[in-house]
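Observations on the model geometry
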Amino acid sequence: MVFYRALSILFNIIETFIFIRIILSFLPINMNNIFGRFIYDMTEPILGPCRELLYKIGLNTGPFDFSPIIAVLFLRIISNIIIRIIF
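Residues numbered from 1 in each chain as written. Predicted model: local features only at pLDDT ≥ 70, side-chain atom pairs only at ≥ 80, totals over all residues. Heavy atoms only, no water.

**Concerning the side chain of Thr43**
Position of Thr43 among the secondary structure elements: in helix α2 (residues 34-56). Here Thr43 falls in the buried class, since its relative accessible area comes to 1%. Once residues lying within four places of it in the same chain are set aside, the contact partners of Thr43 are Phe17, Ile18 and Arg21. (Helix = DSSP H or I, 4+ residues; strand = E, 2+ residues; numbered from the N terminus. Buried < 20%, exposed > 50% of the residue type's maximum accessible area, 1.4 Å probe, protein only. Contact = heavy atoms within 4.5 Å.)

**So, the pattern of salt bridges**
Side chains that differ in charge, positive against negative, can pair when their charged atoms come close. Under the definition given, this model contains 6 salt bridges. Of the charged contacts in the structure, one is a salt bridge between Arg76 and Glu15, with a shortest N-O distance of 3.0 Å. Placement of the pair is Arg76 in helix α3 (residues 67-86) and Glu15 in helix α1 (residues 2-26), with a sequence separation of 61 residues. A residue is classified by how much of its surface remains accessible, and Arg76, at 49% relative accessible area, is partly exposed. Given the relative accessible area of 15%, Glu15 is considered buried. Put simply, Arg21, Glu44, Arg51 and Asp65 are held in one network by salt bridges that share partners. (Salt bridge = Lys/Arg side-chain N within 4 Å of Asp/Glu carboxyl O.)

**Points about the packing of α1 against α3**
Direction vectors running N to C along α1 and α3 enclose 175°, while the axes themselves pass 10 Å from each other. Between α1 and α3, the crossing angle belongs to the class labelled roughly antiparallel. Residues Phe3, Tyr4, Leu7, Phe11, Ile14, Glu15, Ile18 and Ile22 of α1 form the contact with α3, whose own contacting residues are Pro68, Ala71, Val72, Leu75, Arg76, Ile78, Ser79, Ile82, Ile83 and Ile86. Here the contact of α1 with α3 is built from residues that sort into 15 nonpolar, 1 polar and 2 charged. (Axes fitted to C-alpha atoms, helices over the stretch in contact; angles between N-to-C directions. Parallel < 35°, antiparallel > 145°, perpendicular 65-115°, else oblique. Nonpolar A, V, L, I, M, F, W, Y, C, P; charged D, E, K, R; others polar.)

**A few points about α3**
For α3, built from 20 residues, the straight-helix expectation of 28 Å at 1.5 Å per residue is met to within 8% by its first-to-last C-alpha distance of 28 Å. Contact partners of the buried residues in α3: α1 and α2. (Expected span 1.5 Å × (residues − 1).)

**Comments concerning the packing of aromatic side chains**
Summed over all chains, the structure comprises 1 aromatic pair. With centroids separated by 5.5 Å and ring planes inclined at 85°, the aromatic side chains of Phe17 and Phe38 adopt a geometry described as edge-to-face. With Phe17 in helix α1 and Phe38 in helix α2, this residue pair connects regions lying 21 residues apart in the sequence. For Phe17, a relative accessible area of 19% puts it in the buried group. (Phe/Tyr/Trp six-rings, centres within 6.5 Å; stacked < 30°, edge-to-face > 60°.)

**With respect to the packing of α1 against α2**
Taken N-terminus to C-terminus, the directions of α1 and α2 make an angle of 105°; their axes are 9 Å apart at the nearest point. Here α2 runs roughly perpendicular to α1, going by the angle between their axes. Note on element contacts: α2 touches α1 through Phe35, Phe38, Ile39, Tyr40, Met42, Thr43, Glu44, Ile46, Leu47 and Arg51, opposite Ile14, Phe17, Ile18, Ile20, Arg21 and Leu24.

Encoded structure:
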């Protein structure tokens, strides 16, 4: 039960960071400040491969970045698989 709760909290934190990054991308602020850099560093290892996957399958999304949607979808799928395996 503790592992389930810890895993749930971890995935919720990652999804929150992704959501914050989406919001920050719409605001005219410098991403080189401490907060922006922290959010970028925490989310880029997840969003980078998703962005590359979209590029490899040929989905040219123009100015819109759909990698956060793909990342959250993958996180939820992985979370559900792990929970079903353990419980």
